[in-house]
Amino acid sequence: MGGSDSKPPTPPPTPPPSPTFRDPWRKVSWGHNEEDLKYVKDYQPEIDDVRHLRVLLYGPVGTGKSSFINSVSSVLVGRTTQPAGVSATTSDQSHTKKYETHKIQKGSRGNFYPVVFNDIMGLEEKTGGGVRADDIKLAMKGHLKEGYKFNPASSLSSGDLGFNPSPSLDDRVHVLVCVYSANSAKINDPVLMKMKEIREAASDLGIPQVAIVTKVDEACGETEKDLKNVYKSKYMKKKMKDFSSSLGIPMNCIFPVKNYSEEISIDENVNTLILSVLRLIVDIGDDFIHKICDQSL
């Protein structure tokens with residue numbers, strides 16, 4: 001007569017950790033865009049010699065630089081627009097081939113916002129491909145003429161046709177923006193070295209810098225479900241921290257955004273993220289304009 005071989009009850013499985021924080025780690029006023037939109041729309045440089053606050057975008061190929069320009073235009077115009085050409089296909093080669101200033105229509109034709117964007121060829125991993133760091137340095141100083149066609153094989157020289165020998169304050173770059181995709185793998189060393197070289201050159205010139213992390217909806221399921229989860233997402237915070245550590249850009253200068261891509265109408269939550277970085281760009285860019293103007297007196 002033996003006792004029964006009863007087994008202890010199996011404990012319930014431990015639930016997986018939540019992919020989101022309970023509270024957002026950065027406060028955002030979702031959907032209340034009127035104040036920021038008015039702030040950006042009303043901005044005007046106070047320096048007579050500067051008609052435009054010039055923003056230069058750089059980053060690896062395919063991160064969404066041109067799409068960000070189109071998204072900013074869509075926010076300001078109030079409908080989806082495409083002033084900067086984009087490619088619908090993923091490629092390891094840059095869609096942008098020349099140095100071009102993108103202006104955003106303001107009201108009647110012929111009027112434009114005083115914030116302009118320069119898109120450049122993307123940084124490529126392979127040797128002899130993509131934009132050269134030296135060309136970006138020349139762009140920051142205002143030496144690239146409009147329409148200059150990038151040559152991955154050699155940098156622009158002072159005697160070349162596309163070289164602007166006497167750049168004005170208006171030609172210079174006032175804010176440098178690094179664009180990086182949230183669903184990209186770790187940045188390869190050759191590209192990372194170029195990015196650091198560009199950052200150091202901008203620092204030497206005193207140019208303020210911010211970073212934009214794009215494609216947050218593609219990279220994170222929680223953010224894809226609800227864009228308001230972007231500052232609750234543990235994945236997104238880690239991605240931004242890793243990017244900050246790799247490139248040396250402080251976390252408070254890194255902004256996640258979703259570009260307009262599939263949408264055919266305006267979304268207020270998409271606008272909220274774009275306006276948050278756009279307002280900072282205007283503030284730090286205007287501070288720099290006053291600084292270089294004071295230095296030139």
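Definitions and limits used
- Residues numbered from 1 in each chain as written.
- Predicted model: local features only at pLDDT ≥ 70, side-chain atom pairs only at ≥ 80, totals over all residues.
- Heavy atoms only, no water.
- Helix = DSSP H or I, 4+ residues; strand = E, 2+ residues; numbered from the N terminus.
- Buried < 20%, exposed > 50% of the residue type's maximum accessible area, 1.4 Å probe, protein only.
- Contact = heavy atoms within 4.5 Å.
- Lys, Arg positive; Asp, Glu negative; His and termini not counted.
- Charge placed at Lys NZ, Arg CZ, Asp CG, Glu CD.
- Salt bridge = Lys/Arg side-chain N within 4 Å of Asp/Glu carboxyl O.
- Pairing = 2+ DSSP bridges.

Chemist: Describe in detail the overall build of the chain, supporting the description with residues and values.
Modeler: Across its full length, the chain holds eight helices and six strands. Walking the chain from its N terminus toward its C terminus, one meets helices and strands in the order α-β-α-β-β-α-β-α-β-α-α-α-β-α. Projected onto its principal axes, the C-alpha positions of the chain cover 105 × 45 × 35 Å. Within the chain, the fraction of its 297 residues that count as buried is 49%. In the chain, the proportion of contacts linking residues at least 24 apart, taken out of those at least 6 apart, comes to 72%. When the 38 positive and 38 negative side-chain charges of the chain are each reduced to one mean point, those points stand 3 Å apart.

Chemist: Lay out the pattern of salt bridges in plain terms, naming residues and giving numbers.
Modeler: In this structure the tally under the stated criterion is 11 salt bridges. For Lys38, the salt bridge identified is with Asp42, shortest N-O distance 2.6 Å. Remark: Asp42 and Lys38 occur in helix H1 (residues 34-42); sequence separation between them is four residues, near one turn of the helix. Take Lys38 and Asp42: they sit in the same class, and that class is exposed. Between Lys137 and Asp134 there is a salt bridge whose closest N-O contact spans 3.7 Å. Note that Lys137 and Asp134 are positioned in helix H3 (residues 133-141) at a spacing of three residues, about one turn of the helix. In this structure Lys137 comes out as partly exposed when scored by relative accessible area, which is 24%. Residues joined in a network through salt bridges with shared partners are Glu35, Asp36 and Arg279.

Chemist: Which residues make up the pairing of strand S3 (residues 115-119), and what values do they have?
Modeler: Of all five residues in S3, five are buried, a share of seventy percent or more. Across the two faces of S3 the burial is the same, with Val115, Phe117 and Asp119 and Val116 and Asn118 all buried. Strand direction decides the pairing type here: strand S1 (residues 53-58) and S3, joined by five bridges, are parallel. Considered in S3, the bridge of Leu57 is made with Asp119. Of the strand pairs in this sheet, strand S2 (residues 100-102) and S3 are connected by three bridges, and their pairing is antiparallel. Within the sheet, the bridge partner assigned to Thr101 lies in S3 and is Asn118.

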